[in-house]
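Residue-level structure breakdown
Each chain, letter by letter, is given below.
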Amino acid sequence: MSKTLVQQQFGAHAAAYVTSAVHAKGASLTRVVELVGPKAGWHALDIATGAGHMALAFAPHVAKVVASDITPEMLAETAKLAAAKGHTNVETAEADAEALAFADASFDLVSCRIAPHHFANVPRFIAEVARVLRPGGTFALVDNISPCAETTPGFAADDLAAADVVYNLLEKIRDPSHGRALTAAAWRGLMAGSGLASAHQEIMDKTMPFRPWVKQQSVTAGRIAELEGIIEEASSCLAAFLKPAAIEGDDFTFTLRELVLIARKV
Ligand SMILES: C[S@@+](CC[C@H](N)C(=O)[O-])C[C@H]1O[C@@H](n2cnc3c(N)ncnc32)[C@H](O)[C@@H]1O
């Protein structure tokens, strides 16, 4: 994905990510802290930190957190939020996930939450994580995943592959800086041989109200109608993945899935 497009898209909507429920309060925040078990002396790096929610969740438990991102407006929001919450051990740094501006083996913990689907070169990102982690260090990944047998059992491989394409199209119509959400199996394939050994994996559901989801990225009325049409006409496989459900006030919810993966540098 074009880094300029990412910076434009997130630069224009940075403030919305401070209060976005799925980012600020999503269940994966506390789950990741629980699974990682951070230690008081650790130096942590959060990649593609957005408004800094993952970095700030780790801040009370570690010595220092570097919250990094490619979009300066996002880092400004992170710095404001860290100050407002009284965290004095958080520093921000502009850094590309695929070319991290940090020394080898310089972190005990590296995290990255709800962001790799924007990265053009995920293998390069994984190699950079492995490079900056000390041996025995922990990698915590959370990202949206696309329909597969693990999220949506009982469908043929062709149906799942088609649903994967349409799900990624939905994301791209809503946010042109979306690259590709991978399947859980694709993530496992990319991790194999990376020097990061998977220690735990789970898939978490998150229920998204549609109108706040499109508002967060200032989606035009025409594109909102296009998204609604795609969801209304979804294949049975995609509908089983998205689980659209009417709610009050001319809105509906749908379900996304996050892969939570914890790995150790070998
Ligand atoms: C959805 S937001 C991240 C959410 C945040 N991690 C959280 O847990 O709330 C995606 C972020 O990825 C950043 N990003 C996208 N591509 C990047 C890259 N190549 N390197 C670093 N950051 C990137 C964007 O600037 C944006 O801030």
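An account of the accompanying structure is given in this report. All values derive from a computational prediction rather than experimental measurement. (Residues numbered from 1 in each chain as written. Predicted model: local features only at pLDDT ≥ 70, side-chain atom pairs only at ≥ 80, totals over all residues.)

**Digging into the overall build of the protein chain**
For the protein chain, the count of helices and strands is 12 helices and eight strands. Taking 2.2 N^0.38 as the reference for a compact globule, 266 residues should give roughly 18 Å; the C-alpha atoms of the protein chain span a radius of gyration of 18 Å, in line with that estimate. Projected onto its principal axes, the C-alpha coordinates of the protein chain cover approximately 50 × 40 × 30 Å. Considering only intrachain contacts with a sequence separation of at least 6, the fraction spanning at least 24 residues in the protein chain is 75%. (Helix = DSSP H or I, 4+ residues; strand = E, 2+ residues; numbered from the N terminus. Rg over C-alpha atoms; globule rule 2.2 N^0.38 Å. Contact = placed C-beta atoms within 7 Å.)

**Structural notes on unusual backbone geometry**
Of note, the phi angle at Ala105 is positive, near 50°, even though the residue is not glycine. For Ala105, the location among the structural elements is in the loop between β3 (90–94) and β4 (107–113). A positive phi angle is found at Ile114, which is not glycine, with a value near 50°. Tracing the chain through its elements places Ile114 in the loop between β4 and α7 (122–132).

**Concerning the environment of Arg174**
Assignment of secondary structure puts Arg174 in helix α8 (residues 157–174). By the C-beta count within 10 Å, which is 18 here, Arg174 ends up partly exposed. Distance in space between the C-alpha atoms of Arg174 and Gln216 is 9.4 Å, their sequence separation being 42 residues. When neighbours within four sequence positions are excluded, Arg174 is seen to be in contact with Trp213, Val214, Gln217, Val219 and Leu227. (Buried ≥ 20, exposed ≤ 12 C-beta atoms within 10 Å, placed from the backbone.)

**Things to note about the site of the ligand**
The environment of the ligand is made up of 23 residues, and the closest members are His23, Ala48, Gly50, Thr71 and Ala97. Mapped onto the shell around the ligand, the elements with two or more residues apiece are α1 (3–12) and α5 (53–58). Per-element accounting of the shell around the ligand gives the leading share, three residues, to α1. Taken together, the residues of the shell around the ligand break down into 12 nonpolar, six polar and five charged. (Near = placed C-beta within 6 Å. Nonpolar A, V, L, I, M, F, W, Y, C, P; charged D, E, K, R; others polar.)

**Let's talk about α7**
All of the buried residues in α7 are Phe125, Ile126, Glu128, Val129, Ala130 and Val132. At its buried positions, α7 is contacted by β1 (43–47), β4, β5 (133–145), α9 (184–191), β6 (196–209) and β8 (251–265).

**Examining α9**
All of the buried residues along α9 are Ala184, Trp187 and Met191. Buried residues of α9, viewed axially, fall in a sector of 60°; they line one side. Projecting away from the buried face of α9 at angles above 90 degrees are the exposed residues Ala185 and Gly189. Of the surrounding elements, those touching the buried residues of α9 are α7, β5, β6 and β8. The first or second residue beyond α9 is Gly193, which carries a positive phi of 80°. (Arc of directions from axis to C-beta.)

**What to know about the nonpolar core**
Ala55, Phe58, Val65, Val110, Val129 and Phe139 are the most contacted members of the largest nonpolar core, which has 68 residues in total. Looking at which element gives the most residues to this core, the answer is β5, with six residues. (Core = buried A, V, L, I, M, F, W, Y, C linked by C-beta atoms within 7 Å.)

**Notes on the pairing of β5**
Here β5 lies mainly inside the structure; 10 of its 13 residues are buried. Bridging between β4 and β5 involves six bridges; their strand directions are parallel. Looking across to β5, one finds that Cys112 is bridged to Leu141. In this fold, the crossover linking β4 to β5 by way of α7 has right-handed handedness. Of the pairings in the sheet, the one linking β5 to β8 comprises eight bridges and is antiparallel in character. When the bridges of β8 are listed, Ala140 appears paired with Ile262. (Pairing = 2+ DSSP bridges. Right-handed = clockwise from strand over helix to strand, strands pointing away.)

**Some points on the packing of α8 against helix α11 (residues 221–232)**
Running from N to C, α8 and α11 cross one another at 165°; their axes reach a closest spacing of 10 Å. Viewed along their axes, α8 and α11 adopt a mutual orientation that is roughly antiparallel. Like other packed secondary-structure pairs, α8 and α11 cross with a definite hand, here left-handed. Within the contact between the two elements, α8 uses Val166, Leu170, Ile173 and Arg174 and α11 uses Arg223, Glu226, Leu227 and Ile230. Of the residues in the contact of α8 with α11, the class split is five nonpolar, no polar and three charged. (Axes fitted to C-alpha atoms, helices over the stretch in contact; angles between N-to-C directions. Parallel < 35°, antiparallel > 145°, perpendicular 65-115°, else oblique. Left-handed = near helix turned anticlockwise from the far one by under 90°.)

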